[in-house]
Amino acid sequence: MDVIILRSSSSYSKFKYGCAVTVTGTKSSVLSCNEAFGGIGIGDLKVLPSGLRVNRKKHKKKQLGLCGFVIRSSFDGVIVKKKPESSMSSEEVYRVLKSMSDPNQAFSFFNSMAELPRVIHTTETCNYMLEMLRAHGRVEDMVVVFDLMQKQIIKRSINTYLTIFMGLNVRGGLREAPIALEKMRKVGFILNGYSYNGLIHLLLKSGFCREALKVYRRMVSEGINPSLKTYSALMVALGKRRDTETVLGLLQEMESLGLRPNIYTFTICIRILGRAGRIDEAYGILKKMDDAGCGPDVVTYTVLIDALCNAGKLNNAKELFLKMKSSSHKPDRVTYITLLDKFSDRGDLDAVKEFWGEMEADGYLPDVVTFTILIYALCKVGEVDEAFGTLEVMKEQGVAPNLHTYNTLICGLLRLNRLDEALRLFESMEALGLETTAFTYILFIDYYGKSGKFDKAIKTFEKMKTNGIVPNIVACNASLYSLAEQGRLDEAKEFFNGLKNCGLAPDAITYNIMMRCYGKAGRVDGAIKLLSEMEENGCDPEVVTINSLIDTLYKADRVDEAWKMFQRMKEMKIAPTVVTYNTLLAGLGKEGRVQKATALFRGMIADGCSPNTITFNTLLDCLCKNGEVDLAFKMLFRMTEMNCFADVLTYNTVIYGLIKENRVNYAFWLFHQMKKVIYPDHVTLCTLLPRVVKNGQIEDAFRVAKEFVHHVGDHADGPFWEDLMGGILIEAEIGQSILFAESLVRNGICEDDSVLIPLVTFLCRHGKAGDAYNVFLKLTNSFSIKPSLEAYNVLIDGLLKARLSEIAWGLFYEMKNAGCTPDVFTYNMFLDVLGKSGKIKELFDLHEEMLFRGCKPNTITQNIVIFGLVKSNNLDKAIDLYYDLMSGDFSPTPWTYGPLIDGLLKFGRLEEAKQFFEEMLDYGCRPNCPLYNILINGFGKNGDVETASELFRRMIKEGIRPDLKSYSIMVDCLCMVGKVDDALHYFEELKLSGLDPDLVCYNLMINGLGRSQRVEEALSLYDEMRNRGITPDLYTYNTLILNLGIAGMVEEAGKMYEELQLSGLEPNVFTYNALIRGHSMSGNPDSAYAVYKNMMIGGCRPNTGTFAQLPNQS
């Protein structure tokens, strides 16, 4: 037993005291103590004034040899040595160290313990010693402790390194290891291989992959070989970051250092190459394994099968599976699960069932995982009922379905839009003893979001939280998607920021959704800022993120930034995908930059990124739209060389290019080549046939159309004929188009009015309603085509707009006699004509007929009737009708209130107009710009420009953008009351808003300036109007002539009159009156009478104003 004799050396002690302490197994015991010591007893412990606690109880002692160790602190200690019988535990060493506050004492004790053969220091004791030394700035002694850890192979933890880093004033934590290592070497820290390997693993575990790679580089540069485990860990971490090149570089480096990769290392490389889609190189590693005598095991085969399936090379995966079965490494359960899972993902149910049989034959009984995969495969191909049958088989075999099984079935039901059944299954899960998780709710959130039922998606998310299920990031992403798709950016931002409060860190998908949301809202800078935030938070951007940003930047016309983002991908070690190149090619195509597009295509191939059909289609589109059709032809034939196959869009694009250059015969030849490979679609015909018909090859066009109709059958529907005939009518002459239509009808290719409707529509839109009527008669009478309601409505609409009302009414009676019942649209057209012409009796008669025939009026019908009553000065009847309608289930629109408010304002009933406007808001009917225009105009024309201005401001505040008419009304009303400066303000604001003033607006402003005697400004505005390409009308000239004459500028007025005549306009009585007035006011009666004489000679009859302006009229 060792005895420590303690005696006081404190100058503050009143008495000399001493005691002997023995160290026991876990406690210290007092052998003797001077009572003058003044200690306080607590239970079994005696607490001395110095703070040392000792045990009074007698225990069996575990002796400790301290080898002459002397304690120096507030008391002196002398050790009485006695030979030790056993070692001291590391826990006891740690406890003694913690009891010491003096670093010298602790360090001496630490070193003494290290010399004992049976005392083992631990990470805990070493880290404590390092921390104490760091706190006292003793870096050299820290080197000693670290060196001891390396020699005794004591594990170096994160805290070991963090303590050393802090001692060297390196801030920033473990990720600053590359910087800290340089400082460590300078002060004497020399890391061995174990330390380097351990530090690299700690960095990787903390997610600091780049820093780990730097430490690895330093390790190798110092001639220390990393372990195979370190190489494997680095490869796994870099593989997760898709840094395939660095992984392959590590494999080469380890081989160059004489390290032989094992199966695990090779398998990691195969997995990483497989995930990168570099299958050929993965096979190369497999061959390398054989050459190195390190044959693949079952894991290697399974990893490569997984990679082949992910790359879509299912046949290769099957071949490798067969090779595996013939080798000594038979497939295990994981292999079968991999195959079942991947082939079910591809929807290959037959293959799934085949592997299922193989699995059972190899002695692997189906479990819950494999059954669930089979159920998924069935759901994937829409066989949900069979999936439920499999569920029953599963139960019969004693395999209990789990939550994932039921989630799979819910997913299958939702995929088929069987929402009610999915909800019932969801509700039954609790009764089955299954606790739903966030994933179950995610299925519904995702379904609602993608179905456009965004509010239900958000409600489901809230319900999940209410039910005590903590949302995970996937659930949050699904809900965020719904907000983003609705363009609800502010709510999406609030939701995104709230993730941190839930303790969730946004992942790459979260950031992608938010970036897309910012992009849709046109807030590109916000999206770019998110990328920076993403990187700062340690969330590595994925290629999808960068692709999305490039697309957003291009759409925002920030092309240079899009290309800079593309260049940054190399710095970020993100390999561009085919999607990246396709996005950039599409942008170049829109800009017409053919050379840069072809250069990018070549660069893409050089970088090892294989183009797909979309790539070729994008490039062909660029070439064909920019006059490079010959090069497009070469590209088309090059596709097969690069394992790409032309689709319908490919051929349509090149045919379009040929048609654009009027190379119709070449286009026709390519069309026939296309049919050998893939059948044309309706776009092909709509591209080719219009120019063929224009060339007069009507028979050829007919044969193509006939063959197409026989091939597609019912798919040659109304929209197809509408598109085809629409294209032909635009390209060819009317006569040629009619001949083609007649040949289709005559030969029974189109037996209904599908070709008639486009013909009638086109002719009516181009102001040829009469010709449309003749074509209608010919096709219906000569070829017995029975017109549909749509055909009648289109023609009636055209005839009424062309003011051929008599023919339209005749057609209306004819359709009723032919048994074609008019619908609400038909009646509304005729009611509208009657209402606008003020024929109220006829309007109500037709309305009665409509009701009698069982045709229910809609909101438009009632609005027409209200308008008709107001138009015929029956305002109060219109108001009565409105209130009658409101007592039922009528839903008013701004077009309901417009005529009523307009009528009230015109009759000076301003307060009632205001009441109607407020009532409209109470009914939840949001006003639009035309309604505000009615209000502004009404109050302005009644002289209340303050209210008009207030309404204009209110409209803007409510988010309704004023149109040209809004500004014109304000200019007119303000000029009427002499507030020309205010009118000019609105006129200038109109131009700043992005709208262009029209002739009416210029005329109003010119007139207002002229009437205020600001003729020079009026003339300046007149010049501006002319420079903008707006041709003055008679009102413009009359205004200027009148106001120039009033201002005494008679000569300028005369010049304006001459300009009027040169423009081809005929002066009217107001023109002559203005000239006469100008001459009369200037004291030139002869000139005034000369104008009057010219007026009479020109055949313009004077009015009372003329005689009032003539001098000496008495």
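Residues numbered from 1 in each chain as written. Predicted model: local features only at pLDDT ≥ 70, side-chain atom pairs only at ≥ 80, totals over all residues. Heavy atoms only, no water.

Details of the overall build of the chain
Next, step 1: A tally of regular secondary structure across the chain gives 59 helices and seven strands.
Next, step 2: The C-alpha radius of gyration computed for the chain amounts to 45 Å, which surpasses the reference 32 Å derived for 1114 residues by more than 25%, pointing to a less compact arrangement than a globule.
Next, step 3: Taken along its principal axes, the extent of the C-alpha atoms in the chain is 150 × 85 × 60 Å.
Next, step 4: For the chain, the residues scored as buried account for 48% of the 1114 residues in total.
Next, step 5: In the chain, the proportion of contacts linking residues at least 24 apart, taken out of those at least 6 apart, comes to 59%.
Next, step 6: If you sum the accessible surface of the chain, you get close to 55000 Å²; carbon and sulfur atoms cover 51% of it.
Next, step 7: Counting 127 positive and 134 negative side-chain charges, the chain places the averaged centre of each group 10 Å from the other. (Helix = DSSP H or I, 4+ residues; strand = E, 2+ residues; numbered from the N terminus. Rg over C-alpha atoms; globule rule 2.2 N^0.38 Å. Buried < 20%, exposed > 50% of the residue type's maximum accessible area, 1.4 Å probe, protein only. Contact = heavy atoms within 4.5 Å. Areas by Shrake-Rupley, 256 points an atom, 1.4 Å probe, with all protein chains shown as cover. Lys, Arg positive; Asp, Glu negative; His and termini not counted. Charge placed at Lys NZ, Arg CZ, Asp CG, Glu CD.)

Notes on the pattern of salt bridges
Where side chains of opposite charge bring their charged atoms close, a pairing between them can arise.
Next, step 1: The full count for this structure, using the stated rule, is 50 salt bridges.
Next, step 2: For Asp 551, the salt bridge identified is with Lys 555, shortest N-O distance 3.0 Å. Taken as a pair, Asp 551 and Lys 555 lie in helix H27 (residues 543-555) at a separation of four residues, close to a single helical turn.
Next, step 3: With a relative accessible area of 28%, Asp 551 lands in the partly exposed category.
Next, step 4: Look at Lys 555 and you get exposed, because its relative accessible area is 65%.
Next, step 5: Beyond isolated ion pairs, a larger network of salt bridges with shared partners links Glu 988, Lys 991, Asp 996, Glu 1024 and Arg 1028. (Salt bridge = Lys/Arg side-chain N within 4 Å of Asp/Glu carboxyl O.)

Describing the nonpolar core
Next, step 1: Grouped together as the largest cluster of nonpolar side chains are 355 residues, with contacts concentrated most on Phe 740 and Met 1005.
Next, step 2: If we skip the residues at most four places from it in the chain, Phe 740 touches Val 693, Ile 698, Ala 701, Phe 702, Ala 705, Leu 724, Met 725 and Ile 728. (Core = buried A, V, L, I, M, F, W, Y, C linked by side-chain atoms within 4.5 Å.)

Quick look at the packing of aromatic side chains
Next, step 1: One pass over the structure, following the stated rule, counts 40 aromatic pairs.
Next, step 2: Here the aromatic cluster, defined as three or more aromatic residues joined through ring pairs, consists of Phe 321, Tyr 336, Phe 343, Phe 355 and Tyr 364.
Next, step 3: Sitting over the face of the ring of Trp 563, Lys 596 holds its NZ or CZ atom 4.2 Å from the ring centroid.
Next, step 4: Just above the ring of Tyr 666 sits the side chain of Arg 663; from NZ or CZ to the centre is 5.1 Å. (Phe/Tyr/Trp six-rings, centres within 6.5 Å; stacked < 30°, edge-to-face > 60°. Lys NZ or Arg CZ within 6 Å of the ring centre and 35° of its normal.)

Let's talk about helix H10 (residues 244-256)
Next, step 1: For H10, spanning 13 residues, the distance from its first C-alpha to its last is 19 Å, which sits close to the expected 18 Å at 1.5 Å a residue.
Next, step 2: Listed as buried for H10 are Thr 244, Thr 246, Val 247, Leu 248, Gly 249, Leu 250, Leu 251 and Met 254.
Next, step 3: Turning to H10, the residues buried within the fold contact helix H8 (209-221), helix H9 (228-240), helix H11 (263-275) and helix H12 (279-291). (Expected span 1.5 Å × (residues − 1).)

So, the packing of helix H7 (residues 193-205) against H9
Next, step 1: Two numbers describe how H7 lies on H9: the axes approach to 10 Å, and their chain directions differ by 20°. The orientation of H7 relative to H9 falls into the category roughly parallel. Crossing hand, H7 versus H9: left-handed. Contacts between H7 and H9 involve Asn 197, Ile 200, His 201 and Leu 204 from the former and Lys 229, Thr 230, Ala 233, Leu 234 and Ala 237 from the latter.
Next, step 2: Split by residue class, the contact of H7 with H9 holds five nonpolar, three polar and one charged. (Axes fitted to C-alpha atoms, helices over the stretch in contact; angles between N-to-C directions. Parallel < 35°, antiparallel > 145°, perpendicular 65-115°, else oblique. Left-handed = near helix turned anticlockwise from the far one by under 90°. Nonpolar A, V, L, I, M, F, W, Y, C, P; charged D, E, K, R; others polar.)

A look at helix H2 (residues 103-115)
Next, step 1: Under the 1.5 Å per step criterion, the end-to-end length of H2 is 18 Å for 13 residues, consistent within 8% with the ideal 18 Å.
Next, step 2: Taken as a whole, H2 has its buried residues at Pro 103, Gln 105, Ala 106, Phe 107, Phe 109, Phe 110, Met 113 and Ala 114.
Next, step 3: The secondary structure elements touched by the buried residues of H2 are helix H1 (90-98), helix H3 (123-135) and helix H4 (139-151).
Next, step 4: Sitting at the amino-terminal end of H2 is Asp 102, which places a side-chain oxygen 3.3 Å from the backbone nitrogen of Asn 104. (Polar contact = N/O pair within 3.5 Å; in protein donor to acceptor, adjacent residues only side chain to side chain.)

Things to note about the packing of helix H36 (residues 698-712) against helix H38 (residues 734-746)
Next, step 1: Across the interface, H36 lies against H38 with an axial gap of 10 Å and an inter-helix angle of 40°. Classified by the interaxial angle, the pair formed by H36 and H38 is oblique. In this structure, the crossing between H36 and H38 has a hand that is right-handed. Contacts from Ile 698, Ala 701, Phe 702 and Ala 705 in H36 reach Gln 736, Leu 739, Phe 740, Ser 743 and Leu 744 in H38.
Next, step 2: Residue composition of the contact of H36 with H38, by class: seven nonpolar, two polar and no charged.

Points about the environment of Tyr 448
Next, step 1: Of note, Tyr 448 is situated in helix H21 (residues 438-450).
Next, step 2: Assessed through its relative accessible area of 6%, Tyr 448 is described here as buried.
Next, step 3: For Tyr 448, the residues in contact, after removing those within four places along its chain, are Leu 419, Leu 423, Lys 453, Phe 454, Lys 456, Ala 457 and Thr 460.

Some points on unusual backbone geometry
Next, step 1: You will see that Ser 784, though not glycine, has its phi angle at about 55°, which is positive.
Next, step 2: Of note, Ser 784 is situated in the loop between helix H40 (769-782) and helix H41 (789-801).
Next, step 3: Residue classification places Ser 784 among the exposed residues on the basis of a relative accessible area of 62%.
Next, step 4: The phi angle at Gln 1013 is positive, at roughly 65°, despite the residue not being glycine.
Next, step 5: Note on placement: Gln 1013 falls in the loop between helix H53 (999-1011) and helix H54 (1015-1027).

Comments concerning a positive patch on the surface
Next, step 1: On the surface, a cluster of positive charge is contributed by Lys 240, Arg 242, Arg 271 and Arg 275.
Next, step 2: Mapping Arg 275 onto the fold places it in helix H11. (Patch = residues over 30% accessible without salt bridge, like charges linked within 9 Å, V, L, I, M, F, W, Y side chains within 5 Å.)

Comments concerning the confidence of the model for the chain
Next, step 1: Averaged over all residues, the pLDDT of the chain equals 83, while 92% of them reach at least 70.
Next, step 2: The model gives residues 1-86 a pLDDT under 50, and that stretch makes 156 contacts with residues more than four places away or in other chains. (pLDDT = per-residue confidence, 0-100.)

Describing the side chain of Thr 583
Next, step 1: Relative to the elements of secondary structure, Thr 583 occurs in helix H29 (residues 578-591).
Next, step 2: Overall, the relative accessible area of 15% leaves Thr 583 in the buried class.
Next, step 3: A polar contact is formed between the side chain of Thr 583 and the backbone oxygen of Val 579, at a distance of 2.8 Å.
Next, step 4: Other than its neighbours up to four places away in sequence, Thr 583 contacts Ile 550 and Asp 551.

Quick notes on the environment of Lys 1093
Next, step 1: Within the secondary structure, Lys 1093 sits in helix H58 (residues 1085-1097).
Next, step 2: Taking relative accessible area as the criterion, Lys 1093 reaches 55% and is therefore assigned exposed.
Next, step 3: Separated by 913 residues in the primary sequence, Lys 1093 and Ala 180 place their C-alpha atoms 105 Å from one another.

Overview of the side chain of Thr 125
Next, step 1: Looking at the secondary structure, you find Thr 125 in helix H3.
Next, step 2: With sequence-adjacent residues up to four places away left out, Thr 125 is seen in contact with Ser 90, Val 93, Tyr 94, Leu 97 and Phe 110.

Focus on the environment of Cys 764
Next, step 1: Here Cys 764 shows up in helix H39 (residues 756-765).
Next, step 2: Residue class for Cys 764 comes out buried when judged on its relative accessible area of 16%.
Next, step 3: Considering only alpha carbons, one finds Cys 764 and Ala 802, 38 residues apart in sequence, at a separation of 8.3 Å.
Next, step 4: Setting aside anything within four residues of it in sequence, one finds Cys 764 in contact with Ala 769, Ala 772, Val 794, Leu 795 and Gly 798.

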